[in-house]
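Chain and residue survey
Here's the letter readout for the chains.
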Amino acid sequence: MVIPFILQKMKETAESYLGEEVTQAVITVPAYFNDAQRQATRQAAELAGIKVLRLLNEPTAAAVAYGLNEQAEESSVLAVYDLGGGTFDISLLRMRAGLFEVLATGGDSALGGDDFDRALAAHLLDELSIGEPTVVQRRIALRLARDAKERLSESASVNLDVSGLDAATSELTVSRSTLETLLSPYIERTLTACRQTLADANVDTADRVVLVGGSTRTPAVRQAVADCFGLEPLCNLDPDQVV
């Protein structure tokens, strides 16, 4: 089991930052974790020398980070849209005077920002007419794609140095609109999961939406979520650290 070693490393990192021993912690887990998975998490923490004060659902942790637990009104519904590098989760919570009830969860365990990178990398290779790329060329294209994706969150277009790909040209321009076209089917898959989860919870939409996960920095993702739920999502905290 690798989880104890991961928690041990996190314990050491926290101790280095705080300058003191860490023996207790609140650990966040996905809302869909069952009792066996939660118990396994507790056992892993004990093996790492950590006393678990509480296991907190990740969507609840996001709500707490935004202070929504102090603002919760009766029958208020919160959606937590969590798009990371390799997975997507959508959770619907009902907030009642500081308490949270999980109404429904959904998502796609094989969908995330890595798919964005691969789609753009394939586009770069296609644009450069590299029909059968080598392993090295694929790796370089993937690195360039990640860099372009991040820069396009702030810019309308970027110029990439593609000289390492041994193509006919050494520079290639990629626009945000091109990236958004490539990402559209993946983003739509997340929205399909959102609509299904709303249906499972028997609600039409949410009163608030929180974005979690580094891939939600992509402007097209934020706009799609806003359109899906009919309101601007909360995204002013670091999505990588909010849970």
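Here is a short report on the structure shown in this document. (Residues numbered from 1 in each chain as written. Predicted model: local features only at pLDDT ≥ 70, side-chain atom pairs only at ≥ 80, totals over all residues. Heavy atoms only, no water.)

**Structural notes on the pattern of salt bridges**
Overall, the coordinates contain nine salt bridges when judged by the stated rule. When the shortest N-O distance is used, the salt bridge between E15 and K11 registers 2.7 Å. Separated by four residues within a single helix, E15 and K11 lie in helix α1 (residues 3-18), roughly one turn from each other. On the basis of relative accessible area, K11 is assigned to the buried category, the value being 11%. Between R195 and E188 there is a salt bridge; the shortest N-O distance is 2.3 Å. For E188, a relative accessible area of 35% corresponds to the partly exposed category. Put simply, D117, R146 and K149 are held in one network by salt bridges that share partners. (Salt bridge = Lys/Arg side-chain N within 4 Å of Asp/Glu carboxyl O. Helix = DSSP H or I, 4+ residues; strand = E, 2+ residues; numbered from the N terminus. Buried < 20%, exposed > 50% of the residue type's maximum accessible area, 1.4 Å probe, protein only.)

**What about the packing of aromatic side chains?**
Inspection of every chain in the model, using the stated rule, returns three aromatic pairs. Ring geometry for Y32 versus F33: centroids 6.0 Å apart, planes at 70°, classification edge-to-face. With a relative accessible area of 46%, Y32 lands in the partly exposed category. (Phe/Tyr/Trp six-rings, centres within 6.5 Å; stacked < 30°, edge-to-face > 60°.)

**Observations concerning the side chain of T60**
You can see T60 is positioned in helix α3 (residues 58-65). Given a relative accessible area of 9%, T60 falls into the buried group. The contacts of T60, once residues within four sequence positions are left out, are L93 and F100. (Contact = heavy atoms within 4.5 Å.)

**Things to note about the nonpolar core**
Counting residues in hydrophobic clusters, the biggest one holds 44 residues, and the most contacted among them are Y81, I90, L124, L165, I187 and F229. Those residues in contact with I187 that sit more than four places away from it in its chain are F116, A220, V221 and A224. Within the second largest apolar cluster, eleven residues are counted, among which are A62, A63, M95 and V212. (Core = buried A, V, L, I, M, F, W, Y, C linked by side-chain atoms within 4.5 Å.)

**Some words on the sheet that holds strand β4 (residues 88-96)**
Taken in spatial order, the four strands of this open sheet run β5-β4-β3-β8, and their pairing is mixed. Each having just a single partner strand, β5 (99-108) and β8 (208-212) make up the two edges of the open sheet. Here the average twist between neighbouring strands, direction ignored, is 20°. In this structure, β4 lies alongside β5, joined through nine bridges in antiparallel fashion. What sits directly across from I90, in β5, is G106. (Pairing = 2+ DSSP bridges. Axes fitted to C-alpha atoms, helices over the stretch in contact; angles between N-to-C directions.)

**Focus: the packing of α1 against helix α2 (residues 35-47)**
In contact at an axis separation of 8 Å, α1 and α2 are set at 55° when each is read in the N-to-C sense. One way to sum up the angle between α1 and α2 is to call them oblique. The element α1 and its partner α2 pack so that their crossing is right-handed. Across the interface between the two elements, I3, P4 and L7 from α1 touch T41, A44, A45 and L47 from α2. Among the residues forming the contact of α1 with α2, the class breakdown is six nonpolar, one polar and no charged. (Parallel < 35°, antiparallel > 145°, perpendicular 65-115°, else oblique. Left-handed = near helix turned anticlockwise from the far one by under 90°. Nonpolar A, V, L, I, M, F, W, Y, C, P; charged D, E, K, R; others polar.)

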